[in-house]
Amino acid sequence: MSKAANMLSTAWTTLRSDALNTGTWRSAIPTYRYCPSPCHQACPVNNDIPAWIDGIEKGELHGAWLKLAVNNPFPSITGRVCHHPCESYCNRGQYDEKISIRMLERYLGDLSLERGWSFPAVDVAKKERVAIIGGGPAGLSAAYHLRLEGYTVEIYEARQKLGGLLRYGIPAYRLPKEVLDREIDRLLELGIEVHTDVAINTPGEYDRLQKEYDALFISTGAQRSRKLAQFEDSSGIIQDGLDYLYKVNSGQAPGLGQKVLVIGGGNTAIDTARSAKRLGADQVMIIYRRTEEEMPSQKSEILEAGEEGILFTFLASPVRIEKENGVQKLVCQKMQLGENDSSGRPRPEPIKDAYLSFEADSMIMALGSDIVMPKIGNGLEIQDSVLKVDGKQETSIKNVFAGGDLTSNIRFVSTAMGAGKKAAQQMAQLFGGNTVQGSSDLETVSFEEINTFYFPRNPAVVSGSFQLVVSDRIKNFEEVQLGISEEQAIGEATRCFNCGFCTVCDNCYYFCPDMAIARNSGEDGPNYTVLDQYCKGCGLCVRECPRGAIVLKEESK
Amino acid sequence: MKHYEIAEERVFLPGHAACPGCAMALALRYILNTVGLNAVGVIPPSCMGPMMGANPYSSMRIPIIHNSFESSASTAAGIKRAFKARGKDDVHVLALAGDGGTYDIGLQALSSVAEHNEDIMYFCMDNEGYMNTGTQKSSSTPRHAYTTSTPGGKESRKKNLVEIMAAHRVPYIATTNIGYLDDLVYKIKKAKKMQGTRIVVLLTPCIDGWGFPGNDVATMSRLAVQTGVFPLYEVEDGEKYTINHGSQGMPIENYLKRQRRYRHLSKDQIEEIQKEVDQGWQRLQKLANL
Amino acid sequence: MISKGDTMLLTGNHAAAYGAMLAQPKVIPIYPITPQTPIAEKLTEFQLEGLLQAEFITPESEHSAMAACISASLTGVRVFTATSSQGLMLMHELLHFASGSRAPIVMVNANRTFAAPWGFWADQTDSLAQRDTGWLQYYVENPQEALDTVLQAFKTAETVLLPAMVVFEAFYVSHALEVVGVPTPETVKSYLPPYEPKVMLDPEIGRSFGNVVDQKTYCQHRQTLDLAMEEVFDVAKNADDQWKGLTGRGYGLVEKYRCEDAENIIMAMGTISGTAKSAVDKMRAEGLSIGLLKVRLFRPFPVQELRGILGGRDRVIVLDRNFSPGNGGILHQELKAALYGLKSAPEIFGYLAGVGGVNVTPEKIEGLVKQSLSGQSSAKSIWGW
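Criteria and cut-off values
- Residues numbered from 1 in each chain as written.
- Chains lettered and ligands numbered in written order.
- Predicted model: local features only at pLDDT ≥ 70, side-chain atom pairs only at ≥ 80, totals over all residues.
- Heavy atoms only, no water.
- Helix = DSSP H or I, 4+ residues; strand = E, 2+ residues; numbered from the N terminus.
- Contact = heavy atoms within 4.5 Å.
- Areas by Shrake-Rupley, 256 points an atom, 1.4 Å probe, with all protein chains shown as cover.
- Salt bridge = Lys/Arg side-chain N within 4 Å of Asp/Glu carboxyl O.
- Buried < 20%, exposed > 50% of the residue type's maximum accessible area, 1.4 Å probe, protein only.
- Expected span 1.5 Å × (residues − 1).
- Phe/Tyr/Trp six-rings, centres within 6.5 Å; stacked < 30°, edge-to-face > 60°.
- Lys NZ or Arg CZ within 6 Å of the ring centre and 35° of its normal.
- Buried area = accessible area lost by both parts, 1.4 Å probe.
- Polar contact = N/O pair within 3.5 Å; in protein donor to acceptor, adjacent residues only side chain to side chain.
- Nonpolar A, V, L, I, M, F, W, Y, C, P; charged D, E, K, R; others polar.
- Pairing = 2+ DSSP bridges.
- Axes fitted to C-alpha atoms, helices over the stretch in contact; angles between N-to-C directions.
- Parallel < 35°, antiparallel > 145°, perpendicular 65-115°, else oblique.
- Domains from an automatic or database assignment.

Details of the overall build of chain C
Then, number 1: Across its full length, chain C carries 12 helices and 15 strands.
Then, number 2: Here the C-alpha coordinates of chain C stretch approximately 65 × 50 × 45 Å along the principal axes.
Then, number 3: Partitioning the contacts of chain C with sequence separation of at least 6, the portion at a separation of at least 24 is 82%.
Then, number 4: For chain C, the exposed area adds up to about 14,100 Å²; of that, 55% sits on carbon and sulfur atoms.

So, the pattern of salt bridges
Then, number 1: All told, the structure shown has 80 salt bridges over all chains when counted by the stated rule.
Then, number 2: We note a salt bridge from Glu286 of chain C to Lys282 of chain C, for which the minimum N-O separation is 3.5 Å.
Then, number 3: On the basis of relative accessibility, which here comes to 49%, the residue Glu286 of chain C falls in the partly exposed class.
Then, number 4: By relative accessible area, which is 42% here, Lys282 of chain C ends up partly exposed.
Then, number 5: The structure contains a network of salt bridges with shared partners spanning Arg174, Asp271, Arg274, Arg278, Glu301, Glu304, Glu307, Glu308 and Arg473 of chain A.

What about helix 6 (residues 101-114) of chain A?
Residues and elements named next belong to chain A.
Then, number 1: With 14 residues, helix 6 ought to run about 20 Å at 1.5 Å a step, and its terminal C-alpha atoms sit 20 Å apart, in line with that.
Then, number 2: Of all 14 residues in helix 6, 12 are buried, a share of seventy percent or more.
Then, number 3: The complete set of buried residues in helix 6 reads Ile101, Arg102, Met103, Leu104, Glu105, Arg106, Tyr107, Leu108, Gly109, Leu111, Ser112 and Leu113.
Then, number 4: Note on helix 6: the residue one or two positions beyond its end, Gly116, has a positive phi of about 70°.

Considerations on the packing of aromatic side chains
Then, number 1: As enumerated under the stated definition, the model contains 31 aromatic pairs over all chains in all.
Then, number 2: Between Tyr168 of chain A and Tyr246 of chain A the ring centres are 4.9 Å apart and the planes differ by 45°, which places this aromatic pair in the tilted class. Highlighted residues: Tyr168 of chain A in helix 8 (residues 165-168) and Tyr246 of chain A in helix 11 (residues 241-249), separated in sequence by 78 residues.
Then, number 3: Relative accessible area serves as the criterion here: at 8%, Tyr168 of chain A is assigned to the buried category.
Then, number 4: Judged by its relative accessible area of 25%, Tyr246 of chain A is partly exposed.
Then, number 5: Chaining the aromatic ring pairs together yields one cluster made of Phe453, Tyr454, Tyr509, Tyr510 and Phe511 of chain A together with Tyr4 and Tyr180 of chain B.
Then, number 6: Taking the ring centre of Phe119 of chain A as reference, the NZ or CZ of Arg186 of chain A above it sits at 5.2 Å.
Then, number 7: Geometry around Trp210 of chain B places Arg261 of chain B over its ring, the cationic atom sitting 3.8 Å from the centre.

Observations concerning the environment of Ile302 of chain A
All names here are of chain A.
Then, number 1: Following the sequence through the fold, Ile302 ends up in helix 13 (residues 299-307).
Then, number 2: Look at Ile302 and you get buried, because its relative accessible area is 5%.
Then, number 3: Taking the C-alpha atoms as reference points, Ile302 and Glu292, separated by 10 residues in sequence, lie 8.5 Å from one another.
Then, number 4: If we skip the residues at most four places from it in the chain, Ile302 touches Ile270, Glu292, Met295, Ser297 and Phe312.

Topic: the interface of chain B and chain C
Then, number 1: Tallying the contact residues gives 38 residues for chain B and 34 residues for chain C.
Then, number 2: For the chain B face of the interface with chain C, the top three residues by lost area are His66, Arg81 and Arg86 of chain B, together amounting to 20%.
Then, number 3: Linking chain B with chain C are 4 salt bridges.
Then, number 4: Across the salt bridge formed by Arg81 of chain B and Glu55 of chain C, the nearest N and O atoms sit 3.1 Å from each other.
Then, number 5: At the junction of chain B and chain C, the tally comes to 19 residue pairs in polar contact (both at pLDDT 80 or more).
Then, number 6: Put simply, the parts of the chain that give the side of chain B that touches chain C at least two residues each are strand 1 (39-43), helix 2 (48-52), strand 3 (64-66), helix 3 (72-85) and helix 5 (107-115) of chain B.
Then, number 7: Counting residues per element, the side of chain B that touches chain C draws most heavily on helix 3 of chain B, at 10 residues.
Then, number 8: Residues belonging to the side of chain B that touches chain C are distributed by class as follows: 16 nonpolar, 15 polar and 7 charged.

A closer look at the interface of chain A and chain B
Then, number 1: On the side of chain B, 42 residues touch chain A, which itself brings 38 residues to the contact.
Then, number 2: Interface area for chain A against chain B, summed over the two sides, is near 3,400 Å², with a carbon-plus-sulfur share of 60%.
Then, number 3: Three residues stand out in chain A for area buried against chain B, namely Phe453, Tyr510 and Met515 of chain A, and they jointly supply 22% of the buried area on that side.
Then, number 4: Applying the counting criterion to the chain A and chain B interface returns 2 salt bridges.
Then, number 5: The salt bridge partner of Arg222 of chain B is Glu544 of chain A, with a shortest N-O separation of 2.8 Å.
Then, number 6: In this assembly, chain A and chain B are joined by 18 residue pairs in polar contact (both at pLDDT 80 or more).
Then, number 7: Of the residues that constitute the side of chain A that touches chain B, the class distribution is 21 nonpolar, 9 polar and 8 charged.
Then, number 8: Here strand 1 (residues 15-16) of chain A runs beside strand 2 (residues 57-58) of chain B; their pairing, made up of 2 bridges, is parallel. Looking across to strand 2 of chain B, one finds that Arg16 of chain A is bridged to Ser58 of chain B.

Concerning the side chain of Ser174 of chain C
Residue and element names in this part refer to chain C.
Then, number 1: Positionally, Ser174 belongs in the loop between strand 7 (164-169) and strand 8 (178-182).
Then, number 2: Judged by relative accessible area, Ser174 falls into the buried class, the value being 1%.
Then, number 3: From its side chain, Ser174 meets the backbone nitrogen of Phe171 in a polar contact 2.6 Å long.
Then, number 4: At a separation of 2.7 Å, a polar atom in the side chain of Ser174 contacts the side chain of His175.
Then, number 5: Apart from residues no more than four positions distant in its own chain, Ser174 is found in contact with Thr11, Gly12, Asn13, Pro35, Phe168 and Glu169.

A closer look at the packing of helix 2 (residues 49-57) of chain A against helix 3 (residues 61-71) of chain A
Residues and elements named next belong to chain A.
Then, number 1: With their axes 7 Å apart at the nearest point, helix 2 and helix 3 run at an angle of 170° to one another. In terms of their interaxial angle, helix 2 and helix 3 are classed as roughly antiparallel. On helix 3, the residues touching Ala51, Trp52, Gly55 and Ile56 of helix 2 are Leu61, Ala64, Lys67 and Leu68.
Then, number 2: A per-class count over the contact of helix 2 with helix 3 returns 6 nonpolar, 1 polar and 1 charged.

Concerning the domain arrangement of chain C
All names here are of chain C.
Then, number 1: Taken domain by domain, chain C consists of domain 1 (6-247) and domain 2 (254-383).
Then, number 2: Taken together, the contact between domain 1 and domain 2 spans 26 residues of the former and 27 residues of the latter.
Then, number 3: Of the roughly 2,200 Å² buried where domain 1 meets domain 2, counting both sides, 54% is carbon and sulfur surface.
Then, number 4: Interface area lost by domain 1 to domain 2 is led by Arg131, Glu141 and Tyr172, which between them contribute 27%.
Then, number 5: Between Glu169 and Arg321 there is a salt bridge, and its shortest N-O distance comes to 2.7 Å.
Then, number 6: Inspection of the domain 1/domain 2 interface yields 20 residue pairs in polar contact (both at pLDDT 80 or more).
Then, number 7: Every element with two or more residues in the side of domain 1 that touches domain 2 is listed here: helix 5 (125-128), strand 6 (136-139), helix 6 (143-160) and helix 8 (215-247).

Digging into unusual backbone geometry
Then, number 1: The peptide bond linking Asn55 of chain B to Pro56 of chain B adopts the cis configuration, its omega dihedral lying at 0°.
Then, number 2: Structurally, Pro56 of chain B is set in the loop between helix 2 and strand 2.
Then, number 3: Going from Arg299 of chain C to Pro300 of chain C, the amide bond is cis rather than trans, its omega being -10°.
Then, number 4: With a phi angle near 55°, Val504 of chain A is a residue other than glycine that sits in the positive phi range.
Then, number 5: If you trace the backbone, Val504 of chain A turns up in the loop between helix 16 (486-495) and helix 17 (507-510).

Description of the pairing of strand 6 (residues 215-218) of chain A
The side chains of a regular strand alternate, first on one face of the sheet and then on the other.
Residues and elements named next belong to chain A.
Then, number 1: Of the two faces of strand 6, the one carrying Ala215 and Phe217 and the one carrying Leu216 and Ile218 are both buried.
Then, number 2: Looking at chain direction, strand 3 (residues 129-133) and strand 6 are connected through 4 bridges and run parallel. Paired with Ala131 across the two strands is Leu216, which belongs to strand 6.
Then, number 3: The pairing of strand 6 with strand 19 (residues 400-402) spans 3 bridges and is classified as parallel. In the sheet register, Ile218 faces strand 19, and the bridge partner there is Ala402.

Dropping the structure here:
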């Protein structure tokens, strides 16, 4: 080789481009964000739904249940009775069909019971003690979240068993007692002392609790049934709805005869009607002064009641009971819908001189209920006919918190649980423990941010629900709604957009033309790192993120 | 959800000089990283030159020769034969050319290489024009598209390269794009296992040349498939057609309206394009015996 | 020790093919064109007979042939090809590419007129038009020199890493049968070492070639090319000397015939040199002090050697079988530039002799010499056909 033959380097490469910096081209950088999903935000207990659904999709069922249990210790219960506002907000509803979140929740809950999973043991012990008065959904939820933080919790329950409305207000065909018992038992395994058959209803008892505990949480519910003045004195044939359900749930249901009328339009009305049918009533009719559209009960309940032969008469309001030839009749005035009232629903207005009458062996009044004020000090206030609390569930008395139906007219099981959770978090903060990390004011991921290419159109795997046949249903209190299989659960979970929740799908990694996304292998910390040296800020990763978990943030240099 | 799991050898490196969000760079990543390190590449004048980075830097860990515009195929054949002579027949030789370098100036050499069934993999990054020189028309530019050399819209239709090459009866031809990464990697893997002249045509939507947002290359790639403009298919031995992803009957307007190069179109012109696309799709289905 | 090898009756084409075969190139991309085609045919015959183990590529054009030559050469193997006229013109772009790639390809070019109008005749303009492409150019006179020069070209090209062209004229050499000494493979093996470049396209090396460089790097690259060309004089001289040592045949970069005391020198390239030798003999017999200087290596142009030989002579008569419109004979122009500023430089006469393959007889050459003896030289080449 000659000298010139050895001077070749100028046209042959010698270096690698990864020594260069193309990050300087950038004016914006992709950022992995926490952006709640609409279902997450709609959930009264702020359940991180996309996270545990992702667990189901990946077949990591125990992990999924643990994630679910962070916010909700009762998935088997809420998986049956929650009014599931999450589903109404589900982004997938705008695409083909919403995800059956409640069924997935129930699936995980039932699986946890079947496999005997326990909550992780509480490994901290804090000195503060909290008394919970009323062991219904709000109280149990508060107890759980306080206990998780390491506080000592004692529950005072007036009745024989814990559960409140869950036990005594919801019939077994909707929520089997075994399910209730097992989820409550598992909660108590965390180390919670329970005083059943202990009613706290005197100032003296409250006084003692206030002295003995660092804080109280009162969740005694709304147990006083509303009545109609014109029926005050009619004895014998009139039953109170809540009272009837209590008796049914305690195995002491009274006979109602063949023809039963139920007055009201809420869940209690439906529950009593369906219970009466199961207990042998031949003809059960619900009388409601507005129309089906305005009924406060859940639509699925109305549908199921209809299937079971419950009759409905709308736009009728009871006036009096008449007795003719030994036959009792309920006379109702015909109504029509007028302007909207304060509840936002059309006001029912009587039509003059228009009446209907129905034969009845007995009648059940299910007109809703009011609270009984706890007898504690003098400072408590009432607002909108419930106990007034501030945004932190604290009453006007220091260190006395309250929640559930006692403090709210929005009477859903999960709303009550949400209040219990919130109160627990506030108490923890009060005690100097964890600060509350609320996300309720964050914007949610919109449907437009979902890259639907990754989600082939595919109607719900668990469309509606799976039920016992009607003929079997009305014979007993067997659970009407059936659960779903693992295969169905995974299939349905696979449909979930997991809005805003990084499922570590690697799309951002795969779609980077600049190899500027690094996958992190560690357990903790973010799943990916954006490599500052290379990222040109094109935003393809943001666009190809199926679920809106990345945004492009402008940078100033 | 659809989930990618792609094994890559790290051949294509960051620090390259492709435009941000470039489809071609992404395609190159999967071509190079799937074929692996035991390869030599041929790059004619195209966007892939700057993408490699200026001397003495290279973004590609395999040796690349930057050849003349019209001779990618023959250059690749020369390398392959030299390796054969050296007893290193296992080295993969890739030509990485644009549509100008393939449909136009490089077609003659490619035809010859295909006729000889030279043992190379030929990748055509089809962005439907001379984008590297500032958007001029090529014979791959579709009808009515604006380029700087067809300011009133191109009057002739896009050349059907796949059918031309299929007529050579080469063992493998495939179309793919980065909207379907699994498809793309599958086809490169398949091509890699075969011998003879293998041709893969990748539609690589050009952000600047077509005029669409810089984060949209995958979306545009998919729209091209879903509307039937660019079906993803394979042709084996010039005979056996397999459609992997085809038209979903989406109106062509969904594709056209997102691109600046089509914004001058009249309703009639859109209909004309729709008709052409429909005919093409029907013809392909017939070839695939569907 | 001189090895005689075989003696055969060969055309220039076949002699060149023997030279190529003996060099054992690994890749031969080749495209047919008259009058070069017999080279390709002979090589494929050799392959069939087992005398050659090369990868033949027969592409659709000379352009693709040269593209494959370059890439194969850069992949580290010895490469040979041949072409002519139109084919060479079509390769033009890649001739630059080859030298820029420092690819030591050896190519035989049979000089032929180029269109339009069509013709098949001996004319050196096709290859001389490639003089700026960075290739070595040897112009040879007969089949024997063709064979010998192909081997010398490989040796020189692979030493300096530049491509080399071995050029002879259509039919006068390509198809003319002459007695040729064909060296033994052992002789060639001892002469020409295997081609083993340090850098090449190889996954195990991982380096790439030819991407965009900045101005300074480009300039530097060109300067290195210049240095390589500069080295050619010594390298080619040694290659020739070595060959002479092995076979008894050497030619020099320029060949002097009866120049010792000559006041007048005829200067030419290719077959005209052979004809001119008879003319010189005749004129010497008549008492004219005259000799012949054959330029064998045209690129790089042996300026220093020419200045040394021609200084102090009275006259140089340049015979150009080529024509550069607007500037006349190319060797004529090159020589004027080469001798510029030389004290005691001879007067230079330029004649366009044999353009388009016109036969140049000894009498014609005599006539042109006599014309120069009685006339004044002019800057312009004179049509002397």
